[in-house]
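Chain residues, written in single-letter form:
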Amino acid sequence: MSTEEAPRRAARAAQVLVVMGVSGSGKSTVAELIAERLGWIFVDGDSFHTPEHVAKMHAGFALDDEDRAPWLARIAAWIRQRLEAGESGVVVCSALRRAYRDALTGGSRRVRIVYLEGDKGLIARRLAERQGHFMSPRLLDSQFATLEPPGPEERPITVGIVEPPEAVAGRVIARLEAEAARPAVTGAGR
Ligand SMILES: Nc1ncnc2c1ncn2[C@@H]1O[C@H](COP(=O)(O)OP(=O)(O)O)[C@@H](O)[C@H]1O
Ligand SMILES: O=C(O)[C@H](O)[C@@H](O)[C@H](O)[C@H](O)COP(=O)(O)O
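Counting restarts for each chain, with residues numbered from 1 along the sequence as it is written. Chains and ligands are labelled by the order in which they are written, letters from A for the one and numbers from 1 for the other. With the structure being a predicted model, the display of local features is reserved for residues of pLDDT at least 70 and the display and counting of side-chain atom pairs for 80 or more, all residues being used for whole-chain, interface and lining totals.

## Some words on helix 2 (residues 27–38)
Helix numbering and strand numbering both begin at the N terminus, where a helix is a DSSP run of H or I of at least 4 residues and a strand a DSSP run of E of at least 2. Expected helix span is computed as 1.5 Å times (number of residues minus one). Spanning 12 residues, helix 2 covers 16 Å between terminal C-alpha atoms, matching the ideal 16 Å at 1.5 Å per step. All of the buried residues along helix 2 are K27, V30, A31, L33, I34, A35 and L38. G39 sits one or two residues past helix 2 and shows a positive phi near 75°. Comment: burial labels come from other C-beta atoms within 10 Å of the residue's own C-beta, placed from the backbone, where a count of 20 or more is buried, 12 or fewer is exposed, and between is partly exposed.

Shown next as structure tokens:
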């Protein structure tokens, strides 16, 4: 298969990737590359936050479950719209807890969790260098405390984040391609 054919293959059945992980794990950077390479619609879940919640996080206060519920509902609606329209997409969302991810997937196998896994030290260094973002780097401890890494029953595509973004994105796409070549294993799902 040529490198040009690969993305087209993955795009055949509409699906949505939820790129998750703690703040600074590289979600926005990597998800945008994945979407670009696959030609899928991209949205950053940060754009679904209210100005009040952006200000809260900027001030160094973590969101709680109550804060997050309407944000997750807006992202879930975006996901549903993509699937109903038969469009594939990539959405960035920290989706730290299992319950948040269940709200996003709605139990659909067409919504895939992509987990960017990295250690706190590396991510703290990247956050310290990140410019122009509202999120306070002081919230990293709280992000790790809230994180419930996805279990195998969630069928996550888990990738490390040590390599450059292009390589991390490439690993995710390679996993999707490998699964597309094994339809009997992944199944069409609902
Ligand atoms: N794989 C990577 N290698 C090196 N730097 C990265 C990598 N992924 C992201 N970064 C950098 O780390 C910072 C956090 O990435 P970002 O995409 O904003 O994370 P998130 O969306 O998860 O908060 C950014 O400055 C970004 O350029
Ligand atoms: O659930 C949360 O605690 C917040 O919503 C938080 O996760 C936020 O959405 C982003 O993660 C911040 O932006 P970055 O992840 O891009 O730093």
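## A closer look at the site of ligand 1
Nearness here is judged by the C-beta atom: place it from the backbone, and if it falls within 6 Å of a molecule or strand, the residue counts as near that partner. Around ligand 1 there are 16 residues in total, and G26, K27, S28, T29 and R126 lie nearest to it. Elements with a contribution of two residues or more to the shell around ligand 1: helix 2, helix 6 (120–129) and helix 8 (165–180). Three categories are distinguished: nonpolar for Ala, Val, Leu, Ile, Met, Phe, Trp, Tyr, Cys and Pro, charged for Asp, Glu, Lys and Arg, and polar for the others, with Gly belonging to the last. Broken down by class, the residue content of the shell around ligand 1 amounts to 5 nonpolar, 7 polar and 4 charged.

## A closer look at the pairing of strand 1 (residues 16–20)
The buried fraction of strand 1 amounts to 5 of the 5 residues, a majority that puts the element mostly inside the structure. Neither face of strand 1 is left uncovered, since the one carrying V16, V18 and M20 and the one carrying L17 and V19 both have all their residues buried. In short, DSSP must find at least two bridges between two strands for them to pair. Alignment of strand 1 against strand 3 (residues 89–92), held across 4 bridges, turns out to be parallel. By the bridge assignment for strand 3, V18 is matched with V91.

## Details of the confidence of the model for the protein
How sure the predictor is of each residue is captured by pLDDT, a score from 0 to 100. Residues of the protein with pLDDT of at least 70 account for 89%, and the chain-wide mean is 92. Reported confidence for the predicted complex is 0.94 by ipTM and 0.91 by pTM.

## Let's talk about the nonpolar core
Membership of the largest hydrophobic core comes to 37 residues, with the highest contact counts inside it found for V18, V19, I34 and L104. The set of elements that each furnish at least two residues to this core consists of strand 1, helix 2, helix 4 (65–84), strand 3, helix 5 (98–105), strand 4 (111–117), helix 6 and helix 8. Of all the elements, helix 2 adds the most residues to this core, at 6 residues. We call a set of buried Ala, Val, Leu, Ile, Met, Phe, Trp, Tyr and Cys residues a nonpolar core when their C-beta atoms link them within 7 Å.

## So, the sheet that holds strand 4
Strand order in this open sheet of 5 strands is 2-3-1-4-5, and the pairing throughout is parallel. The open sheet is flanked by strand 2 (41–44) and strand 5 (157–160), the only strands paired with a single partner. Here the strands of the sheet are splayed against their neighbours by 20° on average, with no regard to which way each runs. As paired strands, strand 1 and strand 4 are joined by 5 bridges and run parallel to one another. Helix axes are fitted only over the stretch in contact, all axes being lines through C-alpha atoms; the angle between N-to-C directions runs from 0 to 180 degrees.

## Observations regarding the environment of E148
Looking at the element boundaries, E148 is found in the loop between helix 7 (140–146) and strand 5. Along the backbone, E148 and M57 are 91 residues apart, and their C-alpha atoms lie at a distance of 20 Å. Residue contacts for E148: discarding those within four places in its chain leaves L96, R97 and R98. Whether two residues are in contact is decided by their C-beta atoms, placed from the backbone, lying within 7 Å.

## What about the environment of A14?
One can find A14 in the loop between helix 1 (5–10) and strand 1. Beyond its immediate sequence surroundings of up to four residues, A14 is in contact with R82, L83, G86, E87, S88 and R110.

## Quick word on unusual backbone geometry
Not every positive phi belongs to a glycine, and A95 is a case in point at roughly 40°. Mapped onto the fold, A95 is located in the loop between strand 3 and helix 5. A positive phi is found at R155, a non-glycine position, where the angle reads about 50°. Within the fold, R155 resides in the loop between helix 7 and strand 5. We classify R155 as partly exposed; it has 14 C-beta atoms within 10 Å.

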